[in-house]
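Next come the chains, spelled out residue by residue.
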Amino acid sequence: DGLLLAFTDWYPFRFDDTYPAWHGYDADICAQARSVGMTVAVAPIPLFHHTKGGYGDKTQWDAADARWREKWQKVVA
């Protein structure tokens with residue numbers, strides 16, 4: 001979940017606005033970091049993200065997943 005993204009080094013990442021309904025932007029920014037040799041890590045933090053639950057619109061989530069795979073799967077796999 002892209003609730004909080006923190007970077008230790010500066011790199012001019014750009015949020016890709018081609019992902020539908022805010023799905024996939026967080027995975028995309030992590031793939032950008034990995035593509036330039038940065039490490040991506042997940043750390044537990046004492047925070048609760050309030051949400052409606054679920055994926056929201058599953059059709060849009062699936063479209064974002066397909067977009068990410070098309071763009072990144074061969075690069076960061």
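Cut-offs applied
Residues numbered from 1 in each chain as written. Predicted model: local features only at pLDDT ≥ 70, side-chain atom pairs only at ≥ 80, totals over all residues. Heavy atoms only, no water. Helix = DSSP H or I, 4+ residues; strand = E, 2+ residues; numbered from the N terminus. Buried < 20%, exposed > 50% of the residue type's maximum accessible area, 1.4 Å probe, protein only. Contact = heavy atoms within 4.5 Å. Areas by Shrake-Rupley, 256 points an atom, 1.4 Å probe, with all protein chains shown as cover. Lys, Arg positive; Asp, Glu negative; His and termini not counted. Charge placed at Lys NZ, Arg CZ, Asp CG, Glu CD. Phe/Tyr/Trp six-rings, centres within 6.5 Å; stacked < 30°, edge-to-face > 60°. Lys NZ or Arg CZ within 6 Å of the ring centre and 35° of its normal. Patch = residues over 30% accessible without salt bridge, like charges linked within 9 Å, V, L, I, M, F, W, Y side chains within 5 Å. Salt bridge = Lys/Arg side-chain N within 4 Å of Asp/Glu carboxyl O.

A. Here's a closer look at the overall build of the protein chain. Per the secondary structure count, the protein chain includes two helices and zero strands. If one aligns the C-alpha atoms of the protein chain with their principal axes, the spans along those axes are about 35 × 35 × 20 Å. Across the 77 residues in the protein chain, those meeting the buried criterion constitute 22%. Intrachain contacts of the protein chain at a sequence separation of at least 6 include 67% that bridge at least 24 residues. Roughly 6200 Å² of accessible area belongs to the protein chain as shown, and the carbon and sulfur atoms make up 57% of that amount. In the protein chain, which carries 8 positive and 10 negative side-chain charges, the distance between the mean positions of the two groups comes to 4 Å.

B. Region of the structure containing the packing of aromatic side chains. Throughout the structure, instances matching the rule amount to three aromatic pairs. Aromatic pair Phe15 and Tyr25: ring centres 6.0 Å apart, planes at 50°, arrangement tilted. Of this pair, Phe15 sits in the segment before helix H1 (25-35) while Tyr25 sits in helix H1, and the two are 10 residues apart along the sequence. A network of ring pairs unites the aromatic residues Phe15, Trp22 and Tyr25 as a single cluster. Seen from the ring of Tyr19, Arg67 lies directly overhead, with NZ or CZ sitting 5.7 Å from the centre.

C. Highlighting a nonpolar patch on the surface. A grouping of Leu3, Leu4, Ile45 and Leu47 is seen on the molecular surface, where their side chains present a nonpolar patch of about 380 Å² in accessible area. Along the chain, Leu3 falls in the segment before H1. Residue classification places Leu3 among the partly exposed positions, given a relative accessible area of 43%.

Remember, this is a structural readout, not a statement about activity or role.
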